[in-house]
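Here's the letter readout for the chains.
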Amino acid sequence: MNPVVVELVALCVLFAGVAAVWWRARGRGVLSDGGTVQRDAVISEFSRLQNEAVRWLTTTDHKDVGLLYIAFGTVAGLWGGVDAMMMRTELLTPAADIWTPETYNALFTTHGLTMLIFFVAPVFFGIGNYFLPLLLGADDMAFPRVNAIGFWLLPPALLFARAGLFIQVGGQVLNTFVEADAIRFLLTVREVGVGWTLYAPLSIQSPNPQLDLLLLGLHLSGIATTVGAINFIATVFYERGEGVTWAELDIFSWNMLVTSGIALFAFPLLGSAIIMLLLDRNFGTTFFTADGGGAILWQHLFWFWGHPEVYILFLPATGLMSLILPKFVGRKLFGFRAVVYSTLGLSVLSFGVWAHHMFTTGVDPRIRASFMAVSIAIAVPSAIKVFNWLTTMWDGDIRMTAPLILCAGGIGTFIIGGVTGVFLAVIPIDILYHGTYYVVGHFHLIVVGIIPFMMIAASYYWYPLITGRWYDRRLARFQAILLVFGGTVAFMTLLVIGGLGLPRRQAIYPAEYQLAQQIATVGSYVVGISALLWLYNMLASYWTGDQVETTDPWDLKRTNQFTNEWQWFESRMVDKYDVTPHEPETTRPSYAPEAEATSSLTAGAVGSTWQVVASNASFAAIGGFVGTLLMAGGLGTAALVGVFDLAALAELGELVGLPQTPAVGAALFLAGGTVTWPLLFLAFSDYLPGRLLFETGLVFATIISSGFLIAFYSGQSGLALVGYVGFVLVAHWAYGIGLAVTFQFLQAKRRERFWGGG
Ligand code: HEM
Ligand SMILES: [Cu+2]
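Only a predicted model underlies this, so the values are computations on that prediction, with no experimental measurement involved.

Enquirer: Before we move on, could you go through the overall build of the protein chain and cite the residues and values that matter?
Expert: When helices and strands are counted, the protein chain shows 27 helices and zero strands. The C-alpha extent of the protein chain, read off along each of the three principal axes, is 95 × 70 × 45 Å. Within the protein chain, the proportion of its 758 residues that are buried is 52%. Considering only contacts within the protein chain whose residues lie at least 6 apart along the sequence, 80% involve residues at least 24 apart. When the accessible surface of the protein chain is split by element, carbon and sulfur atoms take 69% of a total near 33,000 Å². In the protein chain, the 38 positive side-chain charges and the 48 negative ones have mean positions that sit 4 Å from each other.

This is how it looks when you write it as structure tokens:
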């Protein structure tokens, strides 16, 4: 099969499908005045369409430009997706029997570049364009025309970058009429196959002229990104509406601001490096050749942009997560400030880790070590975000909507993708796994996990606002589940085969990996199908979705989360359709831990910090003592039944250098249960801002029981092991309940004393 023809046909079919869905849905659509659109009428609307085209080509309205960006990014995403599907199809068999290895090389190169440069950033810039001014209460972006220019640089950039496809097909078609010699140039053009990192010296020596076009396209897109970034920064600084102070700035705008800041420092560097590469290729300069600056210089320059670029792609996704997740769990974002500071911290750190992509190149070991340290440290701000999201969900009113499914799935894929990245930051591990599928699995869990998940979550969340209609909500839930499922199957499998050592960027692989590769391919087909379902839902619902009849489609007023963009929507609905603003029957605060002083441990406390600490500590000690006594009952029973060995307790003495007798062990056990664990519980229950100490106690006890199980295991097996586990759990639950109930009791008493029982 001829791969370029296959790819072009696949793209044409895809876009014909899109047009067909659009056309059909439109034909069946109901206008907002209740009339239907006749197909003839649609055809006679030709001149209106012309006007529309002119409008879209010349618009400077931030919402229109935003939609253009989103549409462009979606097209690029589908294009890169076709590449991905072709690659995964090739990997169904161990031999290179579907495409040649050369084609496979071209596919992963164009796939990587299209996805990273033309899909992710444009979609996020589109969402930013549409919503930042609404969230900030601004009229438009700071520089509307520059904004439009920034967008319109992108289509030519994409065409330059991927011209190889058209030139190749064109050349082959022409070749049937014209002699090969006359069009030799066209026939030498190929899609670029040097990998998205464009490493020298291959990228200098490769004779393919398409590589120069690609570099020009990348340069253009870099300019577009820089222009867009400046615009976002200026908008956040100077266009905020009245009352939107820095302290009031929403979390998505914070993220877009920081992203733009990173882009401003990173992209000029890529631009310069690209120009140097072009000069090396065409004018005989020696920036990256062996007798000049050397190939490693390219890697330094590339990754000095490349790593921050990772954060440019991913911070907007975390911003959307922090914005959307709270709306579907009825709680304010936990630790807003910590999330903002962690974002700012990431932006600085992201410039200090680039050489972790070069651990295998022979960088000076002392320098390598410092890059390792910073790369591990950069996990901290990301982890802060994850903890804050989890804590936001804790004890919330979870609404099982498509955006929520995607948020929850996104947190999951981000945790796995992120933690596997921390391993790669460790030099010895990176040396082993650098060139394997482990890396592919690691970063796809982010680039197919949280990033598109959050784009799609945002598309569902704001669909009513943008279109005034509902998408098909059942289909959306199904689509969300498919996406999470397919992504996990595909990329977890790659982590595993990478762990076994399978090299990446190879069309051919050993036969024993075939089953795993096939599983990964099926997973990616599922991702592909769910992407098409999403697209269908977006297009068809635009004409046939239920009309939004309320000014508060997500019932956000009830939890006091009716943010600026929805207020804008409400005023538009009121002005345009004369709808009365929706008012919920009951409202409650989107409670944050600060507002929950009455239920937290320091409840009713009056006095200095030390008094509060002292009284909490004594509560904890009494609770811990009661809990330990209750627990002793469970453990004693276990010892009697013979599934727990009391002698294991005696070993506690050895740990602290005391005699190894059961009496000393029991005393230490009591002391530990009274002092250390309750202090942990104190920290734990304050961190988890749930109302019920009781549940917190159970969760806490369950967690610490695992440590106990391992520490006091004395070789039981079979039923005795089951009994051991069961009794330990029950004993710990008794501990947790005793601790929590004592706590609650003492707290209530204290409140009575201070507030006279009120
Ligand atoms: C269903 C979705 C996707 C599938 C099935 C997929 C599949 C693949 C495959 C098979 C490779 C080549 C692995 C190798 O042989 O080394 C690859 C590489 C890559 N992918 Fe994806 N991908 C998907 C989505 C994405 C997205 C959304 C992005 C970015 C936003 C992305 C970025 C990359 C990059 C940067 C590479 C490395 C290219 C290189 O080695 O030069 N992919 N992907
Ligand atoms: Cu990096």
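Enquirer: Could you give an account of the coordination of the copper ion (ligand 2), with specific residues and numbers?
Expert: Those donors, His307 (ND1), His356 (NE2) and His357 (NE2), are the protein atoms that reach the copper ion (ligand 2), and they lie 1.6 to 2.0 Å from it. Counting along the primary sequence, the residues that act as donors to the copper ion (ligand 2) give the motif H-x48-H-H. A residue pair is termed long-range when its members are at least 10 positions apart, and histidine 307 in helix α13 (residues 295–329) and histidine 357 in the loop between α14 (336–349) and α15 (365–377) qualify at 50 residues. Classification of histidine 307 as buried rests on a relative accessible area of 6%.

Enquirer: Lay out helix α16 (residues 379–393) in plain terms, naming residues and giving numbers.
Expert: In this model α16 runs 21 Å from its N-terminal to its C-terminal C-alpha over 15 residues, within 8% of the 21 Å that 1.5 Å per residue would give. Listed as buried for α16 are Pro381, Ser382, Lys385, Val386, Asn388, Trp389, Thr391, Thr392 and Met393. Positioned one or two residues after α16, aspartate 395 has a phi angle of 65 degrees, which is positive.

Enquirer: So what about the site of ligand 1? Which residues, and what values?
Expert: Residues in close proximity to ligand 1 total 25 residues, the closest being Tyr104, His111, Trp196, His444 and Arg505. Separating an oxygen atom of ligand 1 from a side-chain N or O atom of tyrosine 104 is a distance of 2.6 Å. Side-chain polar atom of arginine 504 to an oxygen atom of ligand 1: 3.1 Å apart, as the coordinates give it. For the shell around ligand 1, the secondary-structure elements that each account for two or more residues are α4 (62–90), α5 (101–136), α19 (437–467) and α21 (514–544). For the shell around ligand 1, the leading source of residues is α5, giving seven residues. Within the shell around ligand 1, the residues separate by chemical class into 16 nonpolar, six polar and three charged.

Enquirer: Please set out the coordination of the iron atom of ligand 1 residue by residue, giving values where relevant.
Expert: Of the protein atoms, only His111 (NE2) and His444 (NE2) coordinate the iron atom of ligand 1, at distances of 2.0 Å. Metal-centred angles of 87 to 179 degrees between the six donor atoms at the iron atom of ligand 1 mark the site as octahedral. With a gap of 333 residues between them, histidine 111 in helix α5 and histidine 444 in helix α19 connect regions that are remote in the sequence. Each member of the pair, histidine 111 as well as histidine 444, carries the same accessibility label: buried.

Enquirer: So what about the nonpolar core? Which residues, and what values?
Expert: Ranked by internal contacts, the top residues of the largest apolar core, which has 168 residues, are Ile450, Ile451 and Trp462. Top element by residues in this core is α5. It accounts for 21 residues. Sequence-distant contacts of isoleucine 451, that is, excluding residues within four places in its chain, are made with Val120, Phe124, Leu313, Phe314, Ala317 and Ile446. If you look at the next biggest cluster of nonpolar residues, it comprises 27 residues, including Phe619, Leu649, Phe700 and Ala731.

About the criteria used
- Residues numbered from 1 in each chain as written.
- Chains lettered and ligands numbered in written order.
- Predicted model: local features only at pLDDT ≥ 70, side-chain atom pairs only at ≥ 80, totals over all residues.
- Heavy atoms only, no water.
- Helix = DSSP H or I, 4+ residues; strand = E, 2+ residues; numbered from the N terminus.
- Buried < 20%, exposed > 50% of the residue type's maximum accessible area, 1.4 Å probe, protein only.
- Contact = heavy atoms within 4.5 Å.
- Areas by Shrake-Rupley, 256 points an atom, 1.4 Å probe, with all protein chains shown as cover.
- Lys, Arg positive; Asp, Glu negative; His and termini not counted.
- Charge placed at Lys NZ, Arg CZ, Asp CG, Glu CD.
- Donors = N, O, S within 2.8 Å, 3.2 Å for Na, K, Ca; no water.
- Expected span 1.5 Å × (residues − 1).
- Near = heavy atom within 4 Å.
- Polar contact = N/O pair within 3.5 Å; in protein donor to acceptor, adjacent residues only side chain to side chain.
- Nonpolar A, V, L, I, M, F, W, Y, C, P; charged D, E, K, R; others polar.
- Tetrahedral: all angles 85-135°; square planar, octahedral: opposite > 155°, others 65-115°.
- Core = buried A, V, L, I, M, F, W, Y, C linked by side-chain atoms within 4.5 Å.

What is shown is where atoms sit, not what they do.
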